[in-house]
Amino acid sequence: MSIGTHRPDRAPAGAASTANRFRERALSNRRRPLRRVLTWLTLLAATAGLVWVVGWSHLLGVSGVDVVGVTGEEATAVSELAAVPLGTPLARVDTDAVADRVRERITVAEVSVRRSWPTTLTVEVVPRTAALVMKNPQGALEVVDAEGVAFREVATAPAGVPVVTATGSKGTTVEALQSSLALLQSLPPDLAEDVRAVTVSSADLVTFTLGSRTVVWGSGEESPRKVAILRALLTTKAKVIDVSAPDTPVTR
């Protein structure tokens, strides 16, 4: 008679598999907060690194100042006024302060400053343009823009820019300047561009040359009407046209 071998009881295969899944899930749940912390730390480190590169390192530092709108000595002067040391992190450049410094230059009418990534600071300048040339009390010729700002002295008036002369005991350069600017602003562009010289004896007596003709304008009153009469009289051969009293214009 044979005696059978005794074998220990074994857990069902399905139960073992379920237990393993529970252990793995429990382990995953314990690791999840750690993974989140590591993810946040990685993001913080990347952000801190990016901030350092942009705001503190020389990797994105100013490599040059690009001046737009003017050239030559004027561009060099603007660049010097910008006064931004090379290597300064571009993100930390105070563009408003740069614009204020450049605006101090009398020849600059408008200025804007912007960052041109990765390493260039762009300064865009609108220079003042000549509206007329004013002879000051010392006899020097000053170039004046349309706003009445004298921004340069010259030995000879630029081509095509009218020269203003104040005469008479009551004539002053300020009065002459204001009257001349008012005159040029009241004339249509096609007439204003032909004005070559303006003489101001007083605010009520302004005379100018228009090409080869002399125009007695008078005061700044009734300018639109004077313009219409002047246009009509320019069709004649008159050398002198007086529209100071538009009701009774005179030619000779």
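Residues numbered from 1 in each chain as written. Predicted model: local features only at pLDDT ≥ 70, side-chain atom pairs only at ≥ 80, totals over all residues. Heavy atoms only, no water.

### Thoughts on the overall build of the protein
So, point 1. Counting its secondary structure elements, the protein contains six helices and twelve strands.
So, point 2. Out of the 252 residues belonging to the protein, those deemed buried represent 31%.
So, point 3. In the protein, 46% of the contacts between residues at least 6 apart in sequence involve partners at least 24 apart. (Helix = DSSP H or I, 4+ residues; strand = E, 2+ residues; numbered from the N terminus. Buried < 20%, exposed > 50% of the residue type's maximum accessible area, 1.4 Å probe, protein only. Contact = heavy atoms within 4.5 Å.)

### Section: the sheet that holds strand 10 (residues 213-218)
So, point 1. One open sheet accounts for nine strands, arranged 6-5-4-7-8-9-10-11-12; its pairing is mixed. Two strands bound the open sheet, and with one partner strand each, they are strand 6 (150-154) and strand 12 (250-251).
So, point 2. Here six bridges tie strand 8 (residues 195-202) to strand 9 (residues 205-210), and the two strands are oriented antiparallel to one another. When the sheet's bridge partners are listed, Thr 199 is paired in strand 9 with Thr 207.
So, point 3. Contacts between helix 4 (residues 173-186) and the sheet are confined to strand 4 (132-135), strand 5 (141-144), strand 7 (163-166), strand 8, strand 9 and strand 10, with strand 4 contributing the most and set at about 160° to the helix.
So, point 4. Set on the sheet, helix 6 (residues 223-233) makes contact with strand 9, strand 10, strand 11 (240-242) and strand 12; between it and strand 10 the angle comes to about 160°. (Pairing = 2+ DSSP bridges. Axes fitted to C-alpha atoms, helices over the stretch in contact; angles between N-to-C directions.)

### Details of the sheet that holds strand 1 (residues 64-68)
So, point 1. An order of 1-3-2 is seen for the three strands of this open sheet, with the pairing classed as mixed. The open sheet terminates on both sides in strands that have one partner only, identified here as strand 1 and strand 2 (108-116). Mean inter-strand twist for the sheet, computed between neighbouring axes without regard to direction, equals 20°.
So, point 2. Alignment of strand 2 against strand 3 (residues 120-127), held across eight bridges, turns out to be antiparallel. In the strand pairing of strand 3, Ser 116 is matched with Thr 120.
So, point 3. Against the sheet, helix 2 (residues 72-82) makes contact with strand 1 and strand 3, and its axis sits at roughly 135° relative to strand 1, the strand it touches most.
So, point 4. Helix-sheet contacts for helix 3 (residues 95-103) involve strand 2 and strand 3, and the interaxial angle to strand 2 is about 150°.

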